[in-house]
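Survey of secondary and tertiary structure
The residues making up each chain are set out below.
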Amino acid sequence: MQRISHRHSSSTRERILLRGLRRVARLEDMGRRSSARFTTARLAIFALGLVGSIIPHKMGWTTSGNLTLAFSVVLFLTVAWYHNRLEDRLHRLRRWRNIKQTHLARIHLNWPDIPLHPVTVPEGHGYAKDLDLAGPHSLLHLIDTTISSQGRQRLTSWLLEQPSPTVAWRTRQALIRELTPFALLRDRLILEAQAVEDADIDGRRLLAVLQKRVDDSGLIPMLITETALTVTTAALLLADLLYGLGNYWMLSFGLYAFLFLSVRSRSEEIFDHAQSLHLQLERLSAVLGYLERRTYRLTPHLAQLCRPLLQQHTRPSRSLRQAASVMNRLSVRAHPLVHYLINALGPWDLYHTYRLQQLQDRITTIAPGWFELLAELDAAASLATFAHLHPDYRWPDLVEPRARGQDGGDVPMLDAEGLAHPLIPSAVRVANQIRFTGRGRIYLVTGSNMSGKSTFLRTIGINTCLAQAGGPVCATSFNWSPVRIGSCIRVDDSLDGGLSFFYAEVKRLKRILDDTRNEQAPPVLWLIDEVFKGTNNRERLIGGRALITALAGGNGFGLVTTHDLELSELERRLPTVTNVHFQETVAQGALHFDYRLKPGPCPTTNALRIMALEGLPVESPDPSS
């Protein structure tokens, strides 16, 4: 049991990040100065080109004026091109700075500066709310660096759907550990995805659009017909201008316009999606393109995951860039005047609809694999970033129980030392240790109000979730066998469901008890806070004894906290029950807590002291008692 501080290792990461941010600030300052010089140069070229072309024309030097104007235009466009490239780099640099600043915020638990992404938790989930896995100031709020909606769903499922099969868990953890030292790779993925906009890459929506085909009945004959009419119109118009043939071109153009208006509704649905999705396709193309260009000599597990990208005949990034370009061209329909003008020159909509169908045929059969790959990598990168920012956290060791009947087999366990809560700042969190070996093991935790009982339950639960997700844990060591987590910590009454607080608590406890009766599934790690706190003292005591006795004979192990010191007598009746407690001290008329787990039942209570300290008319007990 110790108060732990991760200042040394965290400060090393902090120094690296701050050094990088200072370098970025210098580059930004240089870039802004260069951009200002480019702006001045463009204005000067424009002014000199204007003057340099007007004066010669006024003096009758037409050739010199034209040459000056042409040179000025070329020079202006060249400088503008370089200026735009510089501005693009400055934009990426600002994005890079934001990524590093967010990493700093994650180290210091500076919640307002950490992006919060909405996550859907299934109604009635057994432990997500109790352990602060989702929502503001939660574990997902802290660790979620995903760039895609499917990646966020994958990361959420790793935390909420536990335990995973052992083989899948080992493969997942190997990938996360391999990615941990490659901070540049992970940050580049975020940068490529956010270079254009902050929105997630929505794989399901993209796939739905790519799989949605436009009605192609008669598309190719219509495209050929409109192309032929366009060529005919152009030839007749040219003949009219050169030889005075007459306005016959208006007949072919009128027929072309009629056909265009009759089929324009075919691409209506594709256009609706094209307006926004071409940006998502560009971002997905940038992310996959970066993965295609990497070397995987030092990352065999990542190479295995990304192998489908490298083995395909046509690189995914190229196909996606082409699809994005086609959708971008189709989105010209958002500007009616430009849309009609450009289609008057040729069958723009039909041609790009045809091109999109060709790309759809190429992409849709293999795109699901890309999104599956990205979801796995995205979720793993989030946990790898969490591990990288907290290098003093330990990788847990999975101890899978052997089959029943073997020597020492079927003994579930959880053994953790230096265990602390990752959502509490390192300067103030306190570490404890806990050890469970075998089914039915129960720690009965007594203690004063505010002494840390509930936080200790959450500490065990949240670190177990991290371990079973494949991530590191806030501990000096953590060995465990796979468990199902069952908790009853935060219980609310439900007006909609017509449930009182007590009835809601009873239903939660019944669910945990039912889970412990399933001998075929992994054992249950139960975390029960203030058992039956919704009823009177007598019934709470009777119910608590019955529940703890039943749990002691079930498939699992865990902790039960209580204010009822009478329950501590169960240690003498049940060999698997052990009393532990948290305790406060009183100094100078104030309560002080060390948040350390101690053996035995709690020898003191503090409810009356708290009432007296807050000025309620009660008689405060003797502090020395």
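That block above? That's the structure.
What counts, and at which threshold
Residues numbered from 1 in each chain as written. Predicted model: local features only at pLDDT ≥ 70, side-chain atom pairs only at ≥ 80, totals over all residues. Heavy atoms only, no water. Helix = DSSP H or I, 4+ residues; strand = E, 2+ residues; numbered from the N terminus. Buried < 20%, exposed > 50% of the residue type's maximum accessible area, 1.4 Å probe, protein only. Contact = heavy atoms within 4.5 Å. Areas by Shrake-Rupley, 256 points an atom, 1.4 Å probe, with all protein chains shown as cover. Expected span 1.5 Å × (residues − 1). Phe/Tyr/Trp six-rings, centres within 6.5 Å; stacked < 30°, edge-to-face > 60°. Core = buried A, V, L, I, M, F, W, Y, C linked by side-chain atoms within 4.5 Å. Lys, Arg positive; Asp, Glu negative; His and termini not counted. Salt bridge = Lys/Arg side-chain N within 4 Å of Asp/Glu carboxyl O. Polar contact = N/O pair within 3.5 Å; in protein donor to acceptor, adjacent residues only side chain to side chain. Axes fitted to C-alpha atoms, helices over the stretch in contact; angles between N-to-C directions. Left-handed = near helix turned anticlockwise from the far one by under 90°. Nonpolar A, V, L, I, M, F, W, Y, C, P; charged D, E, K, R; others polar. Pairing = 2+ DSSP bridges. Parallel < 35°, antiparallel > 145°, perpendicular 65-115°, else oblique. 1 Å grid on protein atoms, 1.4 Å probe; cavity = no way out; pocket = protein on both sides within 12 Å on 5 of 7 lines; lining within 4 Å. Points joined across faces, edges and corners; volume = space filled by probe spheres on them.

As for the overall build of the chain
Helix and strand counts for the chain come out as 20 helices and 13 strands. Counting the 625 residues in the chain, one finds 48% classified as buried. Considering only residue pairs separated by 6 or more positions, the chain has 76% of its internal contacts joining residues 24 or more positions apart. With an accessible surface of roughly 30700 Å², the chain has 58% of that area assigned to carbon and sulfur atoms.

Some remarks on helix α15 (residues 367-389)
Taking 1.5 Å per residue as the helical rise, α15 with its 23 residues ought to reach 33 Å, and the 33 Å between its terminal C-alpha atoms agrees with that figure. The element α15 is largely enclosed, with a buried count of 20 among its 23 residues.

Here we look at the packing of aromatic side chains
Across all of its chains, the model carries 11 aromatic pairs by this definition. Taking 6.4 Å as the distance between ring centres and 35° as the angle between the ring planes, the aromatic pair formed by phenylalanine 253 and tyrosine 256 counts as tilted. Here the residue phenylalanine 253 and the residue tyrosine 256 both occupy positions in helix α9 (residues 249-263), the gap between them amounting to 3 residues, near one helical turn. Taking the relative accessible area as the measure of exposure, phenylalanine 253 reaches 31% and is therefore partly exposed. For tyrosine 256, a relative accessible area of 3% puts it in the buried group. Centre to centre, the rings of phenylalanine 502 and phenylalanine 532 are 6.4 Å apart; their planes meet at 50°, and the pair counts as tilted. Of this pair, phenylalanine 502 sits in helix α17 (residues 501-516) while phenylalanine 532 sits in the loop between β8 (524-528) and α18 (537-552), and the two are 30 residues apart along the sequence. Among the aromatic residues, ring-to-ring pairing joins Trp169, Phe478 and Trp480 into one connected group.

Quick notes on the nonpolar core
One finds Leu133, Leu291, Leu302, Leu414, Ile434, Leu527 and Leu559 to be the most contacted residues of the largest nonpolar core, which totals 103 residues. Broken down by element, this core gets its largest block of residues, 11 residues, from α15.

Here we look at the side chain of glutamate 178
When you line up the elements, glutamate 178 lands in helix α5 (residues 166-179). Although glutamate 178 lies buried, it forms no salt bridge, and the closest oppositely charged side chain, arginine 294, sits 8.5 Å away as judged by the N-O distance. A polar atom in the side chain of glutamate 178 sits 2.9 Å from the side chain of histidine 301. Apart from the residues within four sequence positions on either side, glutamate 178 is in contact with Leu298, Thr299, Pro300, His301 and Leu302.

Let's talk about the packing of helix α8 (residues 219-243) against helix α14 (residues 348-363)
At a closest axis distance of 10 Å, the pairing of α8 and α14 adopts a crossing angle of 145°. In this structure, the crossing between α8 and α14 has a hand that is left-handed. Packed against α8, whose contacting residues are Leu219, Ile220, Met222, Leu223 and Glu226, the element α14 presents Leu350, Tyr351, Tyr354 and Gln357 at the interface. Here the contact of α8 with α14 is composed, by residue class, of 7 nonpolar, 1 polar and 1 charged.

Brief notes about the sheet that holds strand β5 (residues 442-447)
The 6 strands lie next to each other as β7-β8-β9-β5-β10-β13, forming an open sheet whose pairing is mixed. Unpaired on one side and paired on the other, β7 (484-488) and β13 (598-599) mark the two borders of the sheet. Judged from the 2 bridges that link them, strand β10 (residues 577-582) and β13 form a sheet pairing that is antiparallel. Across the sheet, residue valine 580 finds its bridge partner in β13, namely proline 599.

Observations concerning the pairing of strand β6 (residues 477-480)
Side chains of β6 alternate between two faces, with Phe478 and Trp480 buried and Ser477 and Asn479 left unburied. With 2 bridges connecting them, strand β2 (residues 397-398) and β6 associate as parallel partners. Directly across from aspartate 397, in β6, lies its bridge partner asparagine 479. Strand direction decides the pairing type here: strand β3 (residues 413-419) and β6, joined by 4 bridges, are antiparallel. For aspartate 415, the partnering residue across the bridge sits in β6 and is asparagine 479.

Structural notes on the packing of α8 against α9
For the pair α8 and α9, the least separation of the axes is 8 Å and the interaxial angle reads 155°. Judged by the angle between their axes, α8 and α9 are roughly antiparallel. Crossing of α8 over α9 shows left-handed handedness. Here α8 contributes Met222, Thr225, Glu226, Leu229, Thr230, Thr232, Thr233, Leu236, Leu237 and Asp240 to the contact with α9, which in turn contributes Trp249, Ser252, Phe253, Leu255, Tyr256, Leu259, Phe260 and Val263. For the contact of α8 with α9, the residue count by class is 11 nonpolar, 5 polar and 2 charged.

Thoughts on the side chain of threonine 561
Checked against the element boundaries, threonine 561 lands in strand β9 (residues 556-562). Overall, threonine 561 belongs to the buried group, its relative accessible area being 0%.

With respect to the pattern of salt bridges
Scanning the entire structure with this criterion turns up 18 salt bridges. Across the salt bridge formed by arginine 517 and aspartate 514, the nearest N and O atoms sit 3.3 Å from each other. Judged by its relative accessible area of 53%, arginine 517 falls in the exposed class. Each of Glu28, Arg32 and Arg97 takes part in one network of salt bridges that share partners.

Quick word on unusual backbone geometry
Trans peptide bonds make up the majority, and among non-glycine residues the majority have a negative phi. Omega for the bond connecting glutamine 162 with proline 163 falls within 30 degrees of zero, at -5°, which places this linkage in the cis form. Structurally, the position occupied by proline 163 is in the loop between α4 (149-160) and α5. We note that leucine 109 has phi near 55°; this positive angle belongs to a residue other than glycine. A residue is classified by how much of its surface remains accessible, and leucine 109, at 11% relative accessible area, is buried. Here histidine 137, not a glycine, exhibits a phi torsion of approximately 60°, which is positive. Among the structural elements, histidine 137 can be located in the loop between α2 (62-108) and α3 (139-143). On the accessibility criterion, histidine 137 (46% relative accessible area) is partly exposed.

Let's talk about the layout of surface pockets
Size it by volume and the second largest pocket reaches roughly 340 Å³. Secondary-structure elements contributing two or more residues to the lining of the second largest pocket are α2 and α6 (183-194). Per-element tally for the lining of the second largest pocket: the top contributor is α2, with 6 residues. Counted by class, the lining of the second largest pocket contains 6 nonpolar, 7 polar and 6 charged residues.

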